[in-house]
Amino acid sequence: MTSSNAPTRRTLIAALAAAILPFAAASDVLAGGPAAKSGDWPEYHRDYRGWRYSPLDQINASNVRKLKIAWIHQPGDIAQGLQATPLAIDGVLYYIAANNRVFAVDGRTGKELWSYFTELDPITAKLLFASYNRGVAVAHGKVYFGTLDGRLIALDQKTGAKAWDTKLVDTAKTSGSNFTSPPTVAGDVVIIGPTGGDLAQRGHIYGVNAATGERIWEFETLRDDPASWSKEAIEHGGGGAWMSGQYDPENDLYYIGTSNAAPDFNGAVREGDNLYTATLLAIEPKTGKLRWHHQEVPHDVWDYDSAYETVMIDKGGKQLMTHLNKGGFVTVLDRKTGKVENVWPFAKNVTWVKSVDPKTGALIGRNEPSEAENKTLCPSVLGARSWNHGAYSPKTGLWYTNAHEFCNAVKVGKQDPKAVPFSAPYFDFAELAFVAPPGGKASSRFEAIDPLTGKTAWSIDYALPGLGSVLATGGNLVFNGDSEGLVHAYDAKSGKELWKFNVGSGIRAGLISYKAGGKQYILVPSGFGSLFPAFAGGLFPAFKQQRGGAALIAFTLE
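Residues numbered from 1 in each chain as written. Predicted model: local features only at pLDDT ≥ 70, side-chain atom pairs only at ≥ 80, totals over all residues. Heavy atoms only, no water.

Enquirer: I would appreciate a short explanation of the overall build of the chain in the present structure.
Expert: Within the chain, the secondary structure is distributed over 3 helices and 38 strands. Here the C-alpha radius of gyration of the chain, 22 Å, is about what a compact globule of 558 residues would show, namely 24 Å. A burial count over the chain gives 66% of its 558 residues as buried. About 19000 Å² of surface is accessible on the chain, with carbon and sulfur atoms providing 50% of the total. Charge separation in the chain, taken as the distance between the mean sites of 55 positive and 55 negative side-chain charges, equals 5 Å. (Helix = DSSP H or I, 4+ residues; strand = E, 2+ residues; numbered from the N terminus. Rg over C-alpha atoms; globule rule 2.2 N^0.38 Å. Buried < 20%, exposed > 50% of the residue type's maximum accessible area, 1.4 Å probe, protein only. Areas by Shrake-Rupley, 256 points an atom, 1.4 Å probe, with all protein chains shown as cover. Lys, Arg positive; Asp, Glu negative; His and termini not counted. Charge placed at Lys NZ, Arg CZ, Asp CG, Glu CD.)

Enquirer: For this particular structure, what's the right way to read the sheet that holds strand β10 (residues 162-167)?
Expert: Sheet strands associate in pairs through backbone hydrogen bonding, adopting either a parallel or an antiparallel arrangement. Overall, antiparallel pairing links the 4 strands, which are arranged β7-β8-β9-β10 in an open sheet. Each edge of the sheet is formed by a strand with only one pairing partner; in this case those strands are β7 (137-139) and β10. Here the average twist between neighbouring strands, direction ignored, is 20 degrees. (Pairing = 2+ DSSP bridges. Axes fitted to C-alpha atoms, helices over the stretch in contact; angles between N-to-C directions.)

Enquirer: Please explain the side chain of aspartate 334 as it appears in this structure.
Expert: Tracing the chain through its elements places aspartate 334 in strand β21 (residues 329-334). Nearest to the buried, unbridged aspartate 334 among oppositely charged side chains is lysine 318, at 6.1 Å. Beyond its immediate stretch of four places on either side in the chain, aspartate 334 contacts Trp292, Gln319, Leu320, Lys339 and Glu341. (Salt bridge = Lys/Arg side-chain N within 4 Å of Asp/Glu carboxyl O. Contact = heavy atoms within 4.5 Å.)

Enquirer: It is not clear to me how the side chain of arginine 270 should be interpreted in this structure. Could you clarify?
Expert: Looking at the secondary structure, you find arginine 270 in the loop between β16 (253-257) and β17 (279-283). The side chain of arginine 270 is buried and forms no salt bridge, while aspartate 300, the nearest opposite charge, is found at 5.9 Å. At a separation of 2.7 Å, a polar atom in the side chain of arginine 270 contacts the main-chain carbonyl oxygen of proline 263. Each residue touching arginine 270, except ones within four places of it in the same chain, is listed here: Trp229, Ala233, Ala261, Ala262, Pro263, Asp264, Phe265, His299, Asp300 and Val301. (Polar contact = N/O pair within 3.5 Å; in protein donor to acceptor, adjacent residues only side chain to side chain.)

Enquirer: I tried to follow unusual backbone geometry on my own but got confused; where do I start?
Expert: Glycine aside, a negative phi is what most residues show, and trans is what most peptide bonds show. Backbone torsion omega between alanine 262 and proline 263 reads 0 degrees, so that peptide bond is classified as cis. Take proline 263: it is sitting in the loop between β16 and β17. The omega angle of the peptide bond from cysteine 378 to proline 379 is -5 degrees, so this bond is cis rather than trans. Relative to the helices and strands, proline 379 resides in the loop between β25 (375-377) and β26 (391-393). Its identity as a non-glycine residue notwithstanding, serine 175 has a phi of 60 degrees, on the positive side.

No statement about biological role is implied by the geometric values presented.
Structure representation (structure tokens):
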């Protein structure tokens, strides 16, 4: 790519904004886990292990072709579509839609039981990370969620009445930082982190009293250490913890991955390893004390977040966890100690390093962006997969996930952090474009992999990158919603497609399964949006034809 056809920072942001417009228009089950009722989906990944697996098998490989729509619920706001994973507890569904609209819905009929429309600060209209939210948490008779204007709110689970409202982030003074993902309940503590990896501000994680909303502790994700940060760089060093963490009740630890350092590409202005950016953290939920950490990308100059989910698997007498990084590698760690057990390549095109040491996780042969030349670096800043989550089946021992292959061509520039417009990215690039891998083409796939070794069992090519979270079930099924609006059911062992249905708008959210009135349901939150298709639209032009929307669609057997 030459400078003559490379977009400037200003034109890229303008194009991004324009591309987003088509999409704008009572039981208390705590910490889920193996003890969760088989018919419920009580937390974000169903349980703390991050499996996104329902043991229900009423719907199975022999009868899935008979699925029919049972009901539809529409939240009434389609801005950025639906990105949430609904929760299901005792036949009642809880979910959040655009602009922090929260609903409780009867899982049998789709009847709305209550709704809560959050009154938001007008500043939210100016935010980069706007409109969408990825979910709620339910515990202690309350529904918890973070807001676009920096608050953590608790509602009464039965009535939807507000129980408490705590301001944690001053969105106006933190470059537009806010909450876009669900909190995690760890015993009597609610834990949440805000956006901010690409913003000129400092990242934090907050622990809040679940009963009262009182702030208990605050963890700074930028380590105040001259070996990691200079005094100047740390004040706008990024490091948001913007995805939902996971609470492991067996070890009483909260795991969360942090995002990239800021500015994204210019490491010269922030010398050091830049802890705790691009790092997995294990935090004691009662105190906020750090038990262990593993930095996957020291001195990250590629925008390779560590914000994805972990998948927890016990094997060989060890409590293990696997974690995908945006840079295209999966790290397997001991979740009690953080010791690296293995690292395997997830992406097929990797140019930012030669390799990663499978015994230590150390980067080998770094290839950093430069002010002197334009470099093609793979994967792109959008990763080898987006934040949407995979699913693991204990029946097959396989992890099912979307993946994509494309890169970015980048040349470093310089940006004054004090002059960055409100809620604009602090990138420090002179040129940036999304490009195909060297000698190849941009592609995407859905595949089944051994999560500990990386061995592929089967793989299916997709026309567009899949941006929804996967569901595995006890009925030997895997469900995946694609960006064109098709929901697919595959045989979990072979990958054979057994059923599909067009829901009218692409999937960006989390599919779940639950039981109500003795029947198993597959629940699909449909409604396309987010920043990803705006960035990747040049490589995948069909993104521009996809329709926005927002609807919960429940399927069951005839």
